[in-house]
Amino acid sequence: MTSIKLYYCPRACSRVTMTALEMAGLAYDGQLVNIFEGEQKSPEYRAVHRSGKVPALVVDGSPITENASILIMLDAMAPGAGILPGTDSPLEKAVQRSDLVWCSATMHPMVRQIRMPMRYTDGETDGIYAHGTAQLKDALKEVERRVSDGRWFYGDAPSIVDVYLHWLVTTAASAGFPIDEYPAIVAHSARVEEIPAFRRAMAREAEGVKESGIQLP
């Protein structure tokens, strides 16, 4: 039996990974890393994740980091679970992987500029916040088009890309991003919150908070 352990923190993008695990139906242990108190910087955790971030997934003793890579692997471990649309086309697979990297390496830093602009400078943050906001507004034009008329990002069925987009836009909105300018995305986010695997992940996050006693900011 494969041993799987997820290092996560509530509200962080590890929520996307946890949802993928729930979609896959894979048994896993969860280890909460309190990034609000700096636990991710400890030598013990840096031995798991060289950059001191969440998520990290340890499979049979081997750590895998970077959300896009983890999600691609989970899709391969549970084909047919709907993490990504099933296809035998190498081109379509490459497009799906590109979409995941777009979420993690392009849009995610934009959201970080909005939510945590102080991480980019020792000085003023207004310009960083404004830059992230402008960049995300441009990126969301494509998302708004893709999820209009009640569609998912890939059409008729949800995937982990929809969940990642939910995390990105709700995190940005929590820092004042004007998400109401994108009504199709607002409706899409509400649909994501009804996905059973997403609800299970949220419940597991809440359970971890209760068991650990951490205080969320």
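Conventions and cut-offs
Residues numbered from 1 in each chain as written. Predicted model: local features only at pLDDT ≥ 70, side-chain atom pairs only at ≥ 80, totals over all residues. Heavy atoms only, no water. Helix = DSSP H or I, 4+ residues; strand = E, 2+ residues; numbered from the N terminus. Contact = heavy atoms within 4.5 Å. Areas by Shrake-Rupley, 256 points an atom, 1.4 Å probe, with all protein chains shown as cover. Axes fitted to C-alpha atoms, helices over the stretch in contact; angles between N-to-C directions. Left-handed = near helix turned anticlockwise from the far one by under 90°. Nonpolar A, V, L, I, M, F, W, Y, C, P; charged D, E, K, R; others polar. Pairing = 2+ DSSP bridges. Phe/Tyr/Trp six-rings, centres within 6.5 Å; stacked < 30°, edge-to-face > 60°. Buried < 20%, exposed > 50% of the residue type's maximum accessible area, 1.4 Å probe, protein only. Lys NZ or Arg CZ within 6 Å of the ring centre and 35° of its normal.

Our focus in this paragraph is the overall build of the protein. On a plain count of helices and strands, the protein comes out with 8 helices and 4 strands. Sequence-ordered secondary structure for the protein, helices as α and strands as β, is β-α-β-α-β-β-α-α-α-α-α-α. Oriented by its inertia axes, the alpha-carbon framework of the protein measures out at about 50 × 45 × 30 Å. Put simply, 66% of the contacts in the protein that link residues at least 6 apart link residues at least 24 apart. Accessible surface, the protein as shown: approximately 10900 Å² in total, 51% of it carbon and sulfur.

Moving on to the packing of helix 6 (residues 160-173) against helix 7 (residues 183-192). Their axes nearest at 10 Å, the elements helix 6 and helix 7 cross at an angle of 120°. The interaxial crossing formed by helix 6 with helix 7 has left-handed handedness. Between helix 6, through D162, V163, L165, H166 and V169, and helix 7, the contact on the second element is made entirely by I185, H188, S189 and V192. Here the contact of helix 6 with helix 7 is built from residues that sort into 5 nonpolar, 3 polar and 1 charged.

In this section: the sheet that holds strand 1 (residues 4-8). Judged by pairing direction, the sheet is mixed, and its 4 strands sit side by side in the order 2-1-3-4 without closing on themselves. Of all strands in the sheet, those bounded by a partner on one side alone are strand 2 (29-32) and strand 4 (62-65). Across this sheet, the average inter-strand angle for adjacent strands is 25°, counted without regard to direction. Contacts from helix 1 (residues 14-24) reach strand 1 and strand 3 (56-59), with the element oriented near 155° to strand 1. With respect to the sheet, helix 8 (residues 196-212) is in contact with strand 1 and strand 2, its orientation differing from that of strand 2 by roughly 55°.

The full count for this structure, using the stated rule, is 4 aromatic pairs. Seen in terms of ring centroids, F177 and Y182 are 6.2 Å apart; in terms of plane orientation they differ by 15°. Their pairing is stacked. With a relative accessible area of 3%, F177 lands in the buried category. Note on Y182: relative accessible area 8%, which makes it buried. Among the aromatic side chains, those forming a connected cluster through ring pairs are W102, F153 and Y154. Above the face of the F153 ring, R146 is positioned so that its terminal group lies 3.8 Å from the ring centre.

In this sheet, strand 4 lies alongside strand 3 in antiparallel orientation, the contact comprising 4 bridges. Of the residues in strand 4, the one forming a bridge with L57 is I64. Hairpin connection from strand 3 to strand 4: 2 residues lie between these consecutive antiparallel strands, with D60 at a positive phi of about 50°.

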